[in-house]
Amino acid sequence: MQKESKVIQATKAFVKNELQNAEGGHDWFHIERVYKNILQIAAQEKVNLEIVSLGALLHDIADSKFHNGDESIGPKKAKDFLDGLHIQTSVTEHVVEIIKHISFKGGNTQPTFTSPELNVVQDADRLDALGAIGIARTFNYGGFKNRKMYDPSIAPKLNMSKAEYKKGENPTINHFYEKLLLLKDRMNTKTGTQMAQQRHEFMEQFLEQFYAEWEGKR
């Protein structure tokens, strides 16, 4: 395994410190998992490894969900940090664009920026929203927001606008249909798509079991 540069080591230390009190689904361990995912995906893609590494490490440095929906804080905090490392301006600018455009914003949002590096980081982040980890993170966040686990009378809202998605307060189970089960078909890379398939199937099995237990059938 290639030795990490001083820039990556410094970034890891910075992120660990910044996220030490973060919600459990968006903490340092989430970042670490996404970083591991980009290393797997980037090994099969022609991308700038420094950019995808920094994008993965800094993508949730100030998630707008925890800053009253303000999407400007994360990119600014990342830029200020990277400026202090005196790396190439083009690298910093690319990482900031990744942070601005990585998140899922509902079904009706069209991308305004794209790059092979964004594709890899976005896939790596989306993988952590799938499978067993994705299920755990979803219920952890639902509990954090004091949302209902499930309410059969409240149907999922599909193809929401960005504003509707950000304001959503639906039960946690609905989030599977509003986001998680959509991700498999929105992966950008071949490797990411392959990794997503098994995690997607695991979530479908979980939902089948969940509904059966809810109805007292198992």
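Everything below is about the structure shown above.
Residues numbered from 1 in each chain as written. Predicted model: local features only at pLDDT ≥ 70, side-chain atom pairs only at ≥ 80, totals over all residues. Heavy atoms only, no water.

What to know about the overall build of the chain
Summing up its helical and strand segments, the chain has 10 helices and 0 strands in all. A sequence separation of at least 24 residues applies to 68% of the contacts in the chain between residues at least 6 apart. Accessible surface computed for the chain: about 11700 Å², of which carbon and sulfur atoms make up 49%. (Helix = DSSP H or I, 4+ residues; strand = E, 2+ residues; numbered from the N terminus. Contact = heavy atoms within 4.5 Å. Areas by Shrake-Rupley, 256 points an atom, 1.4 Å probe, with all protein chains shown as cover.)

As for helix H7 (residues 131-144)
An ideal rise of 1.5 Å per residue puts 20 Å on 14 residues; H7 measures up with 20 Å between its terminal C-alpha atoms. Residues Gly131, Gly134, Ile135, Arg137, Thr138, Tyr141 and Gly142 constitute the buried set of H7. Buried residues of H7 fall within an arc of 165 degrees about the axis and therefore sit on the same side. Residues of H7 that are buried make contact with helix H2 (28-42), helix H9 (172-178) and helix H10 (190-214). Two residues or fewer past H7, Asn146 is found with a positive phi of approximately 55 degrees. (Expected span 1.5 Å × (residues − 1). Buried < 20%, exposed > 50% of the residue type's maximum accessible area, 1.4 Å probe, protein only. Arc of directions from axis to C-beta.)

Digging into the side chain of Thr172
Mapped onto the elements, Thr172 comes out in helix H9. When residues no more than four places from it in sequence are discounted, the contact partners of Thr172 are Thr138, Phe139, Gly142, Arg147, Lys148 and Met149.

Concerning the packing of aromatic side chains
Each aromatic ring pair is specified by the distance between its two centres and by the angle formed by the two planes. Under the definition given, this model contains 11 aromatic pairs. Here a set of aromatic residues connected by ring pairs shows up, and it is made of Phe139, Tyr150, Phe176, Phe206, Phe210, Tyr211 and Trp214. (Phe/Tyr/Trp six-rings, centres within 6.5 Å; stacked < 30°, edge-to-face > 60°.)

Focus: the pattern of salt bridges
Summed over all chains, the structure comprises 9 salt bridges. Among the ionic pairs, Asp128 bridges to Arg33, the shortest N-O distance being 2.7 Å. Taken together, the positions of Asp128 in the loop between helix H6 (116-127) and H7 and Arg33 in helix H2 put the pair 95 residues apart, joining distant regions of the chain. The partner of Lys100 in a salt bridge is Glu97, and the shortest N-O contact between them spans 3.7 Å. Of this pair, Lys100 and Glu97 both sit in helix H5 (residues 89-101), 3 residues apart, which is roughly one turn of that helix. (Salt bridge = Lys/Arg side-chain N within 4 Å of Asp/Glu carboxyl O.)

Quick notes on the packing of helix H1 (residues 6-18) against helix H3 (residues 49-58)
Where H1 meets H3, the closest approach of the two axes is 10 Å, and the angle between their N-to-C directions is 10 degrees. By the angle class used here, H1 and H3 are roughly parallel. Counting all contacts with H1, which are made through Val7, Ile8, Thr11, Lys12, Phe14 and Val15, the residues of H3 involved are Glu50, Ser53, Leu54, Leu57 and Leu58. Along the lines of polarity and charge, the residues of the contact of H1 with H3 split into 7 nonpolar, 2 polar and 2 charged. (Axes fitted to C-alpha atoms, helices over the stretch in contact; angles between N-to-C directions. Parallel < 35°, antiparallel > 145°, perpendicular 65-115°, else oblique. Nonpolar A, V, L, I, M, F, W, Y, C, P; charged D, E, K, R; others polar.)

Points about the nonpolar core
With 50 residues, the main nonpolar core has Val15, Ile38, Leu54, Leu58, Val95 and Phe176 as its most contacted residues. Of all the secondary-structure elements, those providing two or more residues to this core are H1, H2, H3, helix H4 (73-85), H5, H6, H9 and H10. With 7 residues, H2 is the single largest residue contributor to this core. With near-sequence residues (within four places) excluded, Phe176 lies in contact with Ile135, Thr138, Phe139, Leu181, Met203, Phe206 and Leu207. (Core = buried A, V, L, I, M, F, W, Y, C linked by side-chain atoms within 4.5 Å.)

Looking at H4
In a regular helix each residue adds 1.5 Å, so 13 residues correspond to 18 Å; H4 covers 19 Å between its end C-alpha atoms and thus fits that length. Buried-residue contacts for H4 involve H1, H3 and H5. One or two residues past the end of H4 sits His86, with phi positive at roughly 60 degrees.

A look at the side chain of Thr92
With respect to the element layout, Thr92 can be found in helix H5. Owing to a relative accessible area of 4%, Thr92 belongs among the buried residues under this scheme. Filtering out sequence-adjacent residues up to four positions away, Thr92 remains in contact with Lys79, Leu82, Asp83 and Ile87.

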